[in-house]
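# Per-entry structural report
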Amino acid sequence: MSEQTPTPPVWIYADVVCDLFHFGHVEFFRRARALGHRLIVGLVGDADVSTYKPAPVMSFEERVGVVAGCRFVDRVLEEPAPLHCTGAFLDSIGAAYCCHGDDMTAEELRYWYGDLALTGRLKTVPYTPRISTRLIFARVADCLRVEAAAGQGSVSR
């Protein structure tokens, strides 16, 4: 009988913003991790996020702390993730694949993930509908408008 060498775990990488951490983020991490054995998450730095969407409400450190508490995440990078993920970056952190939600067009995926999209190292998972940071912002704004209209806007607890 021959002994089999254990197969090393397949690490998946996900780059995210994760402002106002919510159920959609948890589902994304669950689905991404299911593509392999372990999940590494890199958070995009505050300045880089501001180049393509509104600046995060939560600081980089706060976002790292929240993501590190998710049971589907095995490792969180302590430094900001690169804005464009490459094969060389995946190799440097020991990841086989990068994962993103399927909410981007093929052209957008090629822009952000270049060589990964061409070499099969980019995987997508279904985007979680009906929840996003922008929707949470809209809900909060609606609540504040209702409170202000009812004369409750200046009440503090």
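Note that the structure is predicted; figures quoted are calculated from it, not measured.

Parameters and conventions
- Residues numbered from 1 in each chain as written.
- Predicted model: local features only at pLDDT ≥ 70, side-chain atom pairs only at ≥ 80, totals over all residues.
- Heavy atoms only, no water.
- Salt bridge = Lys/Arg side-chain N within 4 Å of Asp/Glu carboxyl O.
- Helix = DSSP H or I, 4+ residues; strand = E, 2+ residues; numbered from the N terminus.
- Buried < 20%, exposed > 50% of the residue type's maximum accessible area, 1.4 Å probe, protein only.
- Contact = heavy atoms within 4.5 Å.

## Side note on the pattern of salt bridges
Throughout the structure, instances matching the rule amount to six salt bridges. Put simply, arginine 30 and glutamate 27 hold a salt bridge, and the shortest N to O gap is 2.8 Å. Within this pair, arginine 30 and its partner glutamate 27 are both found in helix H1 (residues 23-33), separated by three residues, close to a single helical turn. For arginine 30, a relative accessible area of 35% gives the class partly exposed. Linked by salt bridges that have partners in common, Glu27, Arg30 and Arg31 make up one network.

## Observations concerning the environment of histidine 100
Inspection of the secondary structure assignment puts histidine 100 in strand S4 (residues 97-101). By relative accessible area, which is 13% here, histidine 100 ends up buried. Those residues in contact with histidine 100, other than ones at most four positions away along the chain, are Phe28, Leu109, Tyr113, Lys123, Thr124 and Val125.

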